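Topology and contacts: notes
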Amino acid sequence: MDRMFWKSLGCLALVLALHGPARASDATPILVVDVANDQVLHAEEAGRPWFPASTTKLMTAFVTFEAIRGGRVSLETPVVLSKHAASQKFLDSGLHVGSTMTMEDALFAMISGSTNDVAMAIAETVAGSEEAFVKSMNDAARRLGMTGSRFVNPNGLFDRRQKSTARDMALLGIAIDRQFPQYRRFFETSAVVIDGKTVESHNELLTRFDGARGLKTGYLCASGNNVVALAERGGRQVMVVVMGATTERERNERAAMYLTQAFTGELSPDNTTLSALANDTRRSPPDMRAKQCGEQTRDYERMRDAAYPMGLPGQTSYLAQAEAAKKVRQITTWLTPSPAKPEKTSTSAKPKRG
């Protein structure tokens, strides 16, 4: 055996010496489901609470689709960024207070571009306020049987109270695809261009995995890298949920690996249906910030790379080497002026006599 092999083996031994073998507490949620019959093909920690990050936007999309179906809004309804919406953190969409687009474009911006400000603007447009929209999100979760989920905002920004599970996210993803097949285009788009500014999707499966149809990625320091992925080959649909991956490479490769194994028959149903999986309602989501964005990050990433080397140099990749053509949505906004403030009237002046 060559030196490189022994060097790699030594690195792995060092990592295991530092961290020991994988513990149950190190496991992160994985779920693979055959969409046709809701049969579970593979599950690890599928009912464990986790911070959903931007996969929360799947519920925002679901509630909005229901509002469109109910006639409360339409794809042509203007979505205006309020001061509250424009103040949402992290992604610089280039938009500002008063920026306006159609609901259709806003859905593309939220789902493909994962824009936090637009997600908030959609919520306010649909329900009148963030609070009212969040109530609709939790009402929908109850109707769908998402017993391990609680939503407190429409975009997935960090809040300790917001949680979900791989089981619940699979239920939600399948419900979206079954109930609203006419809106699949929102999840298949790889980038949006908002007034000339390109915002790329982080879902590499869309361009490097044959048959991928979405649905949504998410990332927070507290959650790690999440994805709810749907793919179809030969008329068969498979849903994969990965939560807590350390890097985008790990997230994309593991999702692609499980999809590949499902399509090639390496994963078989165990007679458990998705709805029959239990959620663990006793625990709170683990906070991954020290491992993802803190003092433990380097060692933790080395441990995860050793456990999941797919796609690293010299390792097998489950993703196509060449990217397929991207689907891009062009979005043009316009400015909606703020309503004029009413003039103040003096309360001290005496009324005039007629």
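Residues numbered from 1 in each chain as written. Predicted model: local features only at pLDDT ≥ 70, side-chain atom pairs only at ≥ 80, totals over all residues. Heavy atoms only, no water.

The protein appears in an unreviewed UniProt entry as D-alanyl-D-alanine carboxypeptidase family protein from Labrys neptuniae.

Some words on the overall build of the protein
Put simply, the rule is: Per the convention used, a helix needs a DSSP run of H or I reaching at least four residues, while a strand needs a run of E reaching at least two, with both numbered from the N terminus. Relative accessibility under 20% of the residue-type maximum defines a buried residue, over 50% an exposed one, and the middle range a partly exposed one, all with a 1.4 Å probe and only protein chains included. In this description, contact between two residues means that some pair of their heavy atoms is separated by no more than 4.5 Å. All accessibility values rest on the Shrake-Rupley procedure with a 1.4 Å probe; residue burial counts only the protein chains present in the view.
Helix and strand content of the protein: 12 helices and 11 strands. Taking all 354 residues of the protein together, 53% fall into the buried category. Considering only intrachain contacts with a sequence separation of at least 6, the fraction spanning at least 24 residues in the protein is 70%. Just so you have it, the protein exposes about 16800 Å², and 53% of that area is on carbon and sulfur atoms.

Some remarks on the nonpolar core
To keep it simple, the criterion reads: What makes a nonpolar core is a set of buried Ala, Val, Leu, Ile, Met, Phe, Trp, Tyr and Cys residues whose side-chain atoms join them at distances within 4.5 Å.
Membership of the largest hydrophobic core comes to 70 residues, with the highest contact counts inside it found for L31, M59 and M239. Setting aside chain neighbours within four positions, we find M59 in contact with M137, A140, A141, L144, M146, F151 and L172.

Details of helix α12 (residues 297-307)
What counts is decided by this rule: By definition, the arc is the one covered by directions from the helix axis to the C-beta atoms.
If you check which residues of α12 are buried, you get T297, Y300, M303 and R304. Buried positions in α12, seen along its axis, are confined to an arc of 130° and lie on one side of it.

Brief notes about the sheet that holds strand β6 (residues 197-200)
Keep this limit in mind: For two strands to count as paired, DSSP must find a minimum of two bridges between them. Note on geometry: axes are lines fitted to C-alpha atoms, helical ones only across the stretch in contact, with angles between N-to-C directions running from 0 to 180 degrees.
With respect to topology, three strands assemble into an open sheet ordered β6-β5-β10, the strand pairing being mixed. Each edge of the open sheet is held by one strand with a lone partner, namely β6 and β10 (328-331). Here the strands of the sheet are splayed against their neighbours by 20° on average, with no regard to which way each runs. Sheet analysis places strand β5 (residues 191-194) next to β6, joined by four bridges and oriented antiparallel. Among the inter-strand pairings, V193 is bridged to a residue of β6, identified as T198.

Some thoughts on helix α6 (residues 130-144)
Convention followed: Multiplying 1.5 Å by the residue count of a helix minus one yields the expected span of that helix.
End to end, α6 covers 21 Å across 15 residues, agreeing with the expected 21 Å (1.5 Å per residue, within 8%). Regarding α6, the residues found buried are E130, F133, V134, M137, N138, A140, A141 and L144. Each buried residue of α6 sits inside an arc of 155° when the element is viewed along its axis, so together they form one side. Summarising the geometry of α6, the exposed residues directed more than 90 degrees from the buried face are E131, K135, R142 and R143. The elements touched by buried residues of α6 are α2 (57-69), α3 (83-86), α5 (116-127) and α7 (166-179). A positive phi of about 80° marks G145, the residue just after α6.

Let's talk about the pairing of strand β7 (residues 212-220)
The buried count for β7 comes to eight of nine residues, which makes it a mostly enclosed element. Relative to strand β8 (residues 224-233), β7 runs antiparallel, the two sharing seven bridges. Among the inter-strand pairings, G218 is bridged to a residue of β8, identified as N226. In textbook terms, the turn of a hairpin is the stretch between consecutive antiparallel strands, and for β7 and β8 this stretch comprises three residues.

Let's talk about the packing of aromatic side chains
As a reminder of what qualifies: When the centres of two rings from Phe, Tyr and Trp lie within 6.5 Å, Trp using its six-membered ring, the rings pair. Their planes under 30 degrees apart give stacked, over 60 give edge-to-face, and anything left gives tilted. Whether a charge lies above a ring is judged from NZ of Lys or CZ of Arg, which has to be within 6 Å of the ring centre and within 35 degrees of the ring normal.
Counted according to the given criterion, the structure contains nine aromatic pairs. Seen in terms of ring centroids, F180 and Y183 are 6.1 Å apart; in terms of plane orientation they differ by 20°. Their pairing is stacked. Both residues of the pair, F180 and Y183, count as buried. The structure contains a cluster of three or more aromatic residues connected by ring pairs, namely F62, F65, F108, F180, Y183, F186 and F187. Against the face of F209 rests R233, its NZ or CZ located 4.3 Å from the ring centre. The ring of Y308 has R254 lying over it, and the distance from NZ or CZ to the ring centre is 3.8 Å.

Observations concerning the sheet that holds strand β11 (residues 334-335)
Adjacent strands of a sheet form backbone hydrogen bonds with each other and so pair up, either parallel or antiparallel. Overall, antiparallel pairing links the three strands, which are arranged β3-β4-β11 in an open sheet. Whereas interior strands pair on both sides, the edge strands pair on one side only; in this sheet they are β3 (78-80) and β11. Pairing geometry for β3 and strand β4 (residues 99-102), over three bridges, is antiparallel. Bridge pairing in β4 places V80 opposite T100. Contacts from helix α4 (residues 103-111) reach β3 and β4, with the element oriented near 100° to β4. On the sheet, α5 packs against β3 and β4 and is oriented at approximately 120° with respect to β3.

Description of the side chain of R251
Selection criterion: Any pair of nitrogen or oxygen atoms within 3.5 Å is treated as a polar contact; in protein, a donor-acceptor pairing is required on top of that, and neighbouring residues in sequence qualify only through side-chain atoms on both sides.
Here R251 shows up in helix α10 (residues 248-263). Looking at R251, its side chain comes within polar contact range of the main-chain oxygen of G218, at 3.3 Å.

Section: the confidence of the model for the protein
Cut-off, in case you're wondering: For every residue, the predictor reports its confidence as pLDDT, a number between 0 and 100.
Per-residue confidence for the protein averages 90 on the pLDDT scale, and 88% of its residues sit at or above 70. Note that residues 1-24 has pLDDT below 50 and, in this model, 13 contacts with residues that lie over four places away or in other chains. Overall, residues 344-354 carries pLDDT values under 50, and its contacts beyond four positions in sequence, including any with other chains, amount to zero contacts.

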